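For reference, the chains in residue letters:
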Amino acid sequence: MSVRSKAARKLDDTLAPHYVRQEDVVRALEELTRLLTDRFDAEAEAVAVLGQPLAALSEQVERLQDELHERRAARP
């Protein structure tokens, strides 16, 4: 074994506990992406579900405001 090979092996052995394989990083990133996508999808669904009643409530408030303005305008 050449000096260069021995040095490379020694370096690998020394650094091995401090780095991970590319496949492990890719797998971890894929899992993180899946988890975040699921979370964002769930939050988007929750916003959509809450948005419907809020839209109806906003319309009702607008009607009440219009009615109030009409009544104020009709006062003598």
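Relevant structure appears above.
Residues numbered from 1 in each chain as written. Predicted model: local features only at pLDDT ≥ 70, side-chain atom pairs only at ≥ 80, totals over all residues. Heavy atoms only, no water.

A. Looking closely at the pattern of salt bridges. Tallying each qualifying case throughout the model produces eight salt bridges. Notably, a salt bridge pairs Arg-21 with Glu-23, separated by 3.7 Å at the nearest N-O pair. Among the residues examined, Glu-23 registers a relative accessible area of 48% and is labelled partly exposed. Note that Arg-27 and Asp-24 form a salt bridge whose closest N and O atoms lie 3.1 Å from each other. Here the residue Arg-27 and the residue Asp-24 both occupy positions in helix α2 (residues 22-74), the gap between them amounting to three residues, near one helical turn. Given the relative accessible area of 49%, Arg-27 is considered partly exposed. (Salt bridge = Lys/Arg side-chain N within 4 Å of Asp/Glu carboxyl O. Buried < 20%, exposed > 50% of the residue type's maximum accessible area, 1.4 Å probe, protein only. Helix = DSSP H or I, 4+ residues; strand = E, 2+ residues; numbered from the N terminus.)

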